[in-house]
Amino acid sequence: MVDNPNGPLLAVQSVSKSFGGVQALSDITFDVDPGMVMGLIGPNGAGKTTLFNVVTGAYPADTGDIIFEGIRVPGRKIHQVVGLGVARTFQNVELFESMTVLENVMVGRHIRTRSGFWGAMTRLPGVLREEKEIRDRSLDLLSFVGLQDEAHRQSGDLPFGWQRLLEIARALASDPKLLLLDEPAAGLNAVETGQLGELLERIRDLGVTLMLVEHDMSLTMKVSDRIVVLDQGRMLAQGTPREVQSDEAVMAAYLGGGHASN
Amino acid sequence: MRRLPPIGHIIFILAVLLTGFLIENTYYFQLLVFVGIHTLLALGLNMLMGYAGQISLGHAAFYGIGAYTTAILTATYGFSPWAALPCAVLLASAVAYVVGLPTLKLSGYYLGMGTLGFGMIGFIVFREWSSLTGGSSGFVGIPPLEIGPVSFYSGRSYFFLVWTVVLGIIILCRRLIDSRTGRALRSIHDSEKASRAIGVDTMALKLRVFVFSAAVAALAGFLYAHFVTFISPGTFDFLASVRMVTMVVIGGMASVWGALLGAFLLTLLPEWLHAFSEFEMVVYGLILMGVMIVLPRGLFRGLLDVFEGAREQTAKRSGGVNGR
Amino acid sequence: MQEVLQYLFSGLTNGAIYAVIAVGFSMLYSATDLINFAHGEFVMLGSLFLVTLWGAWQIPLPIAFLLTVACVALTGLLFERFAIRTVRKPQPIVLVIITVGASIFLRGVAMILWGKDAYSLPPFSNQPPLELAGATLLIQSVWIIVISLLLVFGLHLFYRRTLTGKAMQATAISKRAAWITGIPAGLMVLLAFVMSTGVGAVAGMIIAPVTMCSYDMGTLLGLKGFCAAMLGGIGSLWGALLGGILLGVLEALGVGLISSALKDGVAFILLLLILYFRPGGLIGAAESARF
C-alpha cells in the first residue's frame, strides 16, 4: 500500500487559515507516516474540523502547503483529492438518508468507477460488469463493518451507532489511503465505542492510514500512534500518547491553565 | 417503493395499447397526446428536481427552443423533421450547458431566480425576434411527421408515436436512476456536502442532468410543434415553466410514475374545469393549494402513505424519505 | 439630450413603482424566507380596488386609498392564515407552488369580480404636467415618486424606531432566538404578510392612473419588482429602492435608445447579471444589509 516508503503519506506544512478576524489555524506543521493512526485532540474550537476541511480541500488554506504522497493538495477540487486517496467522515454523520444502506456504500465507489450517463442508459456489458463489481465490493464493506444484514434498509432508519459505521464503510469504499474520522465515537455508548476501537484496528490492518479527531481520550490514547494537540488554532504539542500526556502545555490547556475553552 | 418491477412497464404498454385501440374520439386522442408531451416535460424536469434536487423555473424555454428550432428548420428552410430533431435537441443541450455553467453554481431560491430569469429571456426572444419566429402572432405551417409511407397525421398514430417516446424516456430515466450516475445524483439531493466529500463532482453532474432535462424538453417541443403545426410564444411563457414544476411536485418528486400522474392531472384538470366556466381559474388555484397543503409530498407518494398508513397502523412513517 | 431626460423621467416613474413592489417582496422574504409569487396579484388587487372605490363609487381619494390598503392587507392576512400556515412541513418548493396556486386563484377571483376588461383612472390631481428643460413630467409621476419615497422612508423609521419594527427584524434574523426572548414569532410573520401585501396595494394604486388595470396585470409587474429586489439585494429596504429606480431607468433608456424589444428583457438580463456577479445584490452582503 505504501508508494513512497521514505516520505510521509501526508505532510502539513505551516498551514494557516482565518475566517474574518478569527484565526482558526496558525502555522500548523506535522507529518503523517503511512500505516499509522494519528490522533488530533484539543478543546472545542481548537481548529480540528477546520484542519480536516483544509486537508480534504474543502477550504483553501491561507498560507502553507499540504502534500499528499508528494502531490500538492491546495488548488485541487474535493473530488480530485478523494481521487488521490483521502476520504473523510463527518462529526454529525452525513448519510444519504433517502437511499438504502447498500446504495450509500455504492456511492462511495463513485470515484473509483467510470460509467456515466450514456453507460447508464445503454447498459452495455462493461457497464453491467462494473455495476456488479460496485455491488460486490460494497457488500463486502458492509460485512466488514458488520452491517451486512441491513443492506436494504433505508439508511435514515438505522440506529445512530450503525449510521456511524455505515459512514465509515462508505468512506472506505473510495479506497482511501488516508481516512479522516471526525469524532467517530461521539454519541456512541461504551460498548459501541469499544467495537469502534476494534474496527479502527482492523481498518489499519488493511493498510489504511487513519487520522482522527476524538474527544474520548481513552479511545484516542489506545488506538493512536502519534497525537497532535491543537488549542485555539495553534499547535500545542505532538508526540506519542505518552509524551503528550505528560506535556505541560497540554496539561495547562486541558486542566484550566488560562484558556481552556472546554 | 423505489424499485417497482418491470411489471409497471408491462401495465403501461397494455394501457397504452388498450387506450389506443378502444378510443375513437379525435378530441380524446388530442388530449392524450398533450398528456404524453407533458409527461415528457415532467420526466425530464423530475430528473433535475426530484433526483438532483435542483429547481428550474425556466424550463419552458428549452421546450420552446425544441419547438421553434424544428419549426424554423422545417417550414422556413425545408429540412426534413428527422434532420431537424437532432438539431433541436442539440441546440437546447448547448444552450442548457452555457446557461447552466454559471446558473447551477447558485442554490436554493437563487437558482430558482436565475432559471426564472433565463426562462423569461427565452420567452421574450421567441416573442420579439419576429423575423425568425413570427413574433407574438405565432408561427404557422409546420409540416406533420412522416416516416416513409407512414404519416402521423391522425390523432391515433400520433398518440402511439408520442407514447412510444414516453415509454422510451421512462426506461431511460429508470435506468439512469438505478446506476452509478443516478446514485450520485440522488446523493446530491440528500446531502451535497457528503456527496462532494465522497468524490462526486457535483457541479459537473448537476450540469449534465440539467442538459439531459433540457434535451428531453426539446424533444417534447419537437413533438408538440409537429402535432399542432402552429406555435406561439404564449405556450412557452413563465406560467408554462411553473406548470412543469407543478406537474412534478403535484405528482410527487423523485418518482417516474409521479411525473406521469402529475402530467395527467394538470393536463386534464383544465378540461374538466371548463364546466366551471368562469370559476375555472379559481378552482384550479384552490386545487393546487389544497393538494400541496394536504399532501406536501405529492399525490403519488401522498396516496401511497395514506394507503400504507391504513394497512399498518403502527408504522412510524414520519417521512424519512423526502424529509428535508 | 431632451429625449434622454424624458426617458429618465419615465424611468424614474416606473422605477419608483418597481421599488415599492420590490419593498413588498423584500419585507416578506426577510421575515419568512418566502418568495411570494402571488405578490404581483396583490398589486393588481390594489389597482382594481381603487378602480371600484375611487373610480366607480366616488369615495374621496384618501379614504379610498386607506380602504384599499385595508382590503388587500386583509386578503394577505387570510392568505397567510389559511394557506401558508397550514402547511405542516414547509419545504420551500411546496410553498412556492402554494403561492403560485394563490396567484392563479386571486387572478381568477379578480376576473369574476371585475371581468376581463381593462380600466383606467385619472391622475390623483389635476395640475398640468411640469416642464423641465424641455421634458415633461406628468403630475401622476410626481405623485408616484413622492409616495414611494415617503413609503420607504416611513418603513425605515418603523424598523428603526418602533419596538414592533425591531421585533420583526429580530424575528427575521432568528425565529428561535426571537421566540426565546418572548417575541411572538407567529404574529410577526402574520404582520409581515399584512404589511407586505399592504405595500403591494400601494404600488397597485399609484400605478393605476398610468396603466391599464386588469385582472392579469400583476404577473409581469410582480416578476419585475422581484428582479428589482434581487438587484438591490433582497432583504434590504434601500436596496429595493435602488434596485427599483435602477431597473426603471435602465429599462427606459434601453427602450428609448436601443430597441423597444428590450422593454421586458432588461429586467431579466439584469437579474442574471446580478446573480452571476454579485448574488448578494448591489447593497451589501446579503446578511448584514437586512433592513
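Residue numbers restart at each chain and count upward from 1, following the sequence in its written direction. As a convention, the first chain written is A and the first ligand written is 1, with the rest following in written order. Residue-level local features of this predicted model are given only where pLDDT is at least 70; pairs of side-chain atoms are given and counted only at 80 or more, and the full residue set underlies all totals for whole chains, interfaces and linings. Values shown for side chains rest on all heavy atoms present in the structure; no hydrogens or waters enter the calculation.

## What to know about the overall build of chain B
Scanning chain B from terminus to terminus reveals 14 helices and four strands. Taken over C-alpha atoms, the radius of gyration comes to 20 Å for chain B, in line with the 20 Å a tight globule of 324 residues would show. With respect to the three principal axes, the spread of C-alpha positions in chain B is 60 × 45 × 40 Å. Classification of residues uses two cut-offs on accessible area relative to the type maximum, computed with a 1.4 Å probe and protein chains only: under 20% is buried, over 50% is exposed, and between them is partly exposed. For chain B, the proportion of its 324 residues judged to be buried stands at 60%. Should any heavy atoms of two residues lie within 4.5 Å, those residues are considered in contact. In chain B, of all internal contacts separated by at least 6 residues, the share reaching a separation of at least 24 is 77%. For the accessible areas, the method is Shrake-Rupley and the probe is 1.4 Å, while residue cover comes only from the protein chains on display. With an accessible surface of roughly 12,600 Å², chain B has 68% of that area assigned to carbon and sulfur atoms. When charges are counted, Lys and Arg contribute as positive and Asp and Glu as negative, whereas His and the chain ends are disregarded. Here the site of a charge means NZ on Lys, CZ on Arg, CG on Asp, or CD on Glu. The distance from the centre of the 21 positive side-chain charges to the centre of the 14 negative ones in chain B is 13 Å. Segments assigned H or I by DSSP are reported as helices when at least four residues long, segments assigned E as strands when at least two residues long, and all are numbered from the N terminus. Note on method: radius of gyration uses C-alpha positions; expected globular size equals 2.2 Å times residues raised to 0.38.

## Quick word on the packing of helix 2 (residues 26-51) of chain B against helix 8 (residues 180-190) of chain B
Residue and element names in this part refer to chain B. The angle between two axes is taken between their N-to-C directions and runs from 0 to 180 degrees, where each axis is a line fitted to C-alpha atoms and a helix contributes only its stretch in contact. Contact pair helix 2 / helix 8: the axes reach a minimum separation of 8 Å and the direction vectors enclose 50°. Our classification of the angle between helix 2 and helix 8 gives oblique. From helix 2, Met47, Met49, Gly50 and Tyr51 reach across to helix 8, where they touch Leu185, Arg186 and His189. Just so you know the grouping, Ala, Val, Leu, Ile, Met, Phe, Trp, Tyr, Cys and Pro go in nonpolar, Asp, Glu, Lys and Arg go in charged, and all remaining residues, Gly too, go in polar. A breakdown of the residues in the contact of helix 2 with helix 8 according to their chemical character gives four nonpolar, two polar and one charged. Note on terminology: angles under 35 degrees are roughly parallel, angles over 145 are roughly antiparallel, angles of 65 to 115 are roughly perpendicular, and the others are oblique.

## What about the interface of chain C and chain B?
With 45 residues of chain C at the interface, the matching set in chain B holds 44 residues. Buried area counts how much accessible surface, traced with a 1.4 Å probe, disappears from two parts once they are put together, with both parts' losses summed. When the two sides are added together, the surface that chain C and chain B hide from each other amounts to roughly 3,800 Å², 79% of it contributed by carbon and sulfur. Of all residues in chain C, Ile97, Ile112 and Tyr276 of chain C bury the most surface against chain B, accounting for 15% of the area lost on that side. Criterion for a salt bridge: a side-chain nitrogen of Lys or Arg within 4 Å of a carboxyl oxygen of Asp or Glu. One can count one salt bridge joining chain C with chain B.

## Quick look at the confidence of the model for chain C
Residue and element names in this part refer to chain C. The pLDDT value tells you how sure the predictor is about a given residue, anywhere from 0 up to 100. In the predicted model, chain C carries a mean pLDDT of 87, and 97% of its residues have values of at least 70. Of all secondary-structure elements in chain C, the lowest mean pLDDT belongs to helix 7 (residues 175-180), at 82, while helix 2 (residues 39-56) reaches the highest, 93. In the predicted structure, residues 285-291 sits below a pLDDT of 50 and forms 20 contacts with residues beyond four places in sequence or in another chain. The ipTM for the predicted assembly is 0.86, set against a pTM of 0.87.

## With respect to the interface of chain B and chain A
Of the residues lining the interface, 32 residues belong to chain B; the matching set on chain A comes to 34 residues. Interface of chain B and chain A: buried area, both sides summed, is about 3,100 Å²; carbon and sulfur atoms make up 58% of it. It is Arg180, Arg183 and Ile198 of chain B in chain B that bury the most area against chain A; as a group they hold 26% of the surface buried on that side. For the interface between chain B and chain A, the tally reads three salt bridges. The residue Glu94 of chain A makes a salt bridge to Lys193 of chain B at a minimum N-O spacing of 3.6 Å. Counted as a polar contact is a pair of N or O atoms within 3.5 Å, where, for protein atoms, one must be capable of donating a hydrogen and the other of accepting one, and residues adjacent in sequence contribute only when both atoms are in side chains. Linking chain B with chain A are 12 residue pairs in polar contact (both at pLDDT 80 or more).

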